[in-house]
Structures are given as C-alpha cells and as structure tokens.
Amino acid sequence: MRTLVFIPAWNEEDSVTGVIAGVRQCLPDADVLVIDDGSTDGTAAQARAAGALVASLPFNQGVGAAQQTGYIYALREGYDICAQTDGDGQHPPQELARVVAQVRDGDADMAVGSRYLDPDIAEAGDYRASPMRGLGIRMFRAIVSASTHQRFTDTTSGLRALNRRAMALFGERLSSEFADVEALQRAVHQGLRVKEIPVRMLPRAGGDSFLNPARSLYYIYKTLVVLLAGHVRPRGSNSGSQ
Amino acid sequence: MSAGSAILSAAQSTEPVLRLTTQARIVAAVLAIAFMVLIFELIRRHRLQERYAIIWFLAGVAMLLGAAFPQVLELLAKAMGVRDITIALFSLILFVLLILSLSFTVILSRQAGQITRLAQESAIERLRQEQEGSGSQADRESL
C-alpha cells in the first residue's frame, strides 16, 4: 500500500529535520511530504535537505489549509493511505506508525492518536493545558461525542491516518475554515469508521505554545460555529460540498 | 382611555409631520447624480468591477427617486409606523447599509476560499514540476 506521511509546518526549521528522520525510520516505505505553510525561515530548505518532498504554500493559510493540501496531493497521486504528524516534534514516530497500522490493517477509515484515551499515559505524560485550552478541550470532547454518538477524547490531535474514502471527504471541499475537530464529526456523520487509539506525546521541542488566550478563545468560537453548522448539515452524502 | 391607546390612535391618524423641503430634495438629487457619475468613473478606470457596481447604481437610483417623488418616502414612513419622515429615511438607509456590508463579507469569504485553493494548487503544481525536473534528470543520469 502506498503511504504518504505529510507534515504541516510553519516556521519549524529547528524541528522539521528530526521529524522527517523519525518518520523515515519508523515508516521506511512511506513518502514524506512537508507542507510548508508560508514559512519565512529555512523550513523548506531544511526539509529538502532531509530528503522530503516539499509543497510550499505561497503565504500562510493556516493549518487547516495546509492539511487539505496534503489530502489533495495524496488523492491525486493515488496514495492508499495518508497520514499527518505535527512538525514540532511532539508526535513520536513510533506512535505515528501505530496510527497508520490501524488504517493499513483495515480496522478504521480514519485513525486518530489520542493522548487522553489511556488514563495511565495521560497521567505519565502530564499534558497540562492552560485553563482556556483545558476548557476548549473539554467542550470539544463533549460536543463531538454528543454529536457523533461516539466517544472522543482528543479531538484536536494532529496525529491522524486516513484511507482514500476519508481523504476524499476532506480533500476536495473548498473551505478556509477546515478544522481538526470538525473533521471527526464530519467523518462519523458520513458513515466512516473513525477510531481513536491511545498514544504518548512529547512536549513541544521549543518555542511558545501556539495558542495564547485570545487565540484560544477565537479558536474555540470558530470551532463551535463549525461544529454547530456541521451538526445541522444533511448527512450520509457528499452533496453538501462546495 | 389609556395613554398607550391614545398614542396609538394619534400615530394612526397623524400624517407624517416633516416633509422634505425643496432645497433638501435638490441637494439629494445633485448628490445622487454625482454619486452615480463617481461610480461610472470608477468603472471606466477599472477600479470597480461592473458586477459589484450594480448595487451602487441601484442605491443611486433609489436616492434620485426619493428626491424626485417624496410621496414614496411618506408612504414608506406610514408603512413603517414612523411619524417623522427623516427617521424613516435614516432607519431605511441604515438597514440597507447593513445588508450591503454583509454582502461584502460574503464576497470576501468566497474570495478568501478561492485564494486558499489557489495557494494549494500552486504549492502542488510547483512540487510536481520539481518532481518532473528531478525525475528527467535522474533518467539522463542513468543513461
């Protein structure tokens, strides 16, 4: 099975080389693609030097648009499986390989690595979040679980693997507000088998946390609106796209 | 008779109090014409696309109609249950502006989506060209 692992990266020149090396070690057969989301540092050059394919968005469009670029590329190039992992080094490549295996073995159309599913791992990992982030995590968990009638614990996880059916759902839709959380809801509503598996994650390699309180609040607002719209959208068909 | 019903009957019986003066009507008409000339000029200089100009022409025509036939405004004020024509006019204009700015946000959103898709297509296309380039280079090297 042809597998593509893509890494959305925005100014991650310090960590992207290590992430690529890890992916190649744990998934030697997979092609590695870095989606450079309008980085102003040496991310693209570092990724090329590390032997990855690089798709550079001409300007920063946000992680949703970067992810979608990965899905579109995987669809058009005929990959059977496409997986995504963060460029900041918080996803151990062994865990990525486990997530990919779920889809490769046909156990799920879409697999998501959750750092909260196994209480022991969550305890040991000490994934402490700021109060605002913690609120968002609990809210999304409750809303997505209620909307899909399926239990989800880590709705914002960027460690995912998809088969072609799931890629098609996210690839060809024109939207600048594509969100991690909504993707779960949409996938379940469209009848896909979505499975969370417990994974260990690492603290960010360096730099500030991506979300400050104001941005957290905006992210929560945006996701709530998208989830609400997603909940009332007709289900079981792809006719709502575009 | 309660105070409420007194006010109600007064509102029903009274004609709109303020009529537009001739001077106000002339000023409005001149402004409306100047406005439409400006729109036309913007189109001529390719600063404004025809498809987006139509709403502004309609706004200009509405202004002109209001100046030429103030009876329309009086009818409108009556229909809205407002005694003062100027207040009816202002509320109406505010509402129209609200709808206009909403329509701009809709257009903006659509274009933001299109820009995102263009950025994605450009990134993928450049990657493909790189791959083709390196692929043919590898072919040459292997020969």
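Coordinates for the structure precede this section.
Residues numbered from 1 in each chain as written. Chains lettered and ligands numbered in written order. Predicted model: local features only at pLDDT ≥ 70, side-chain atom pairs only at ≥ 80, totals over all residues. Heavy atoms only, no water.

A. Representation of the pattern of salt bridges in the model. Considering all chains together, one arrives at 11 salt bridges over all chains under this definition. Where B:Arg128 meets A:Glu77, a salt bridge forms, and the shortest distance between an N and an O atom there is 2.8 Å. Pair noted here: B:Arg128 is in helix 5 (residues 85–142) and A:Glu77 is in the loop between helix 3 (63–76) and strand 4 (81–84), and the two residues belong to different chains. Assessed through its relative accessible area of 24%, B:Arg128 is described here as partly exposed. Between A:Asp154 and A:Arg115 there is a salt bridge whose closest N-O contact spans 2.8 Å. Of this pair, A:Asp154 sits in the loop between helix 6 (131–148) and strand 6 (160–163) while A:Arg115 sits in the loop between strand 5 (110–114) and helix 5 (119–125), and the two are 39 residues apart along the sequence. An identical accessibility class is assigned to A:Asp154 and A:Arg115; each is buried. Overlapping salt bridges bring together A:Glu95, A:Arg98 and A:Arg200 as one network. (Salt bridge = Lys/Arg side-chain N within 4 Å of Asp/Glu carboxyl O. Helix = DSSP H or I, 4+ residues; strand = E, 2+ residues; numbered from the N terminus. Buried < 20%, exposed > 50% of the residue type's maximum accessible area, 1.4 Å probe, protein only.)

B. Highlighting the interface of chain A and chain B. Across the boundary between the two partners, chain A contributes 22 residues, which contact 15 residues of chain B. Buried area between chain A and chain B, summed over both chains or domains, comes out near 1700 Å², and the portion from carbon and sulfur atoms is 55%. The tally of links from chain A across to chain B stands at 3 salt bridges. The interface formed by chain A and chain B contains 9 residue pairs in polar contact (both at pLDDT 80 or more). Elements represented by at least two residues in the side of chain A that touches chain B include exactly strand 3 (53–57) and helix 3 of chain A. At 6 residues, helix 3 of chain A tops the list of elements feeding residues into the side of chain A that touches chain B. (Contact = heavy atoms within 4.5 Å. Buried area = accessible area lost by both parts, 1.4 Å probe. Polar contact = N/O pair within 3.5 Å; in protein donor to acceptor, adjacent residues only side chain to side chain.)

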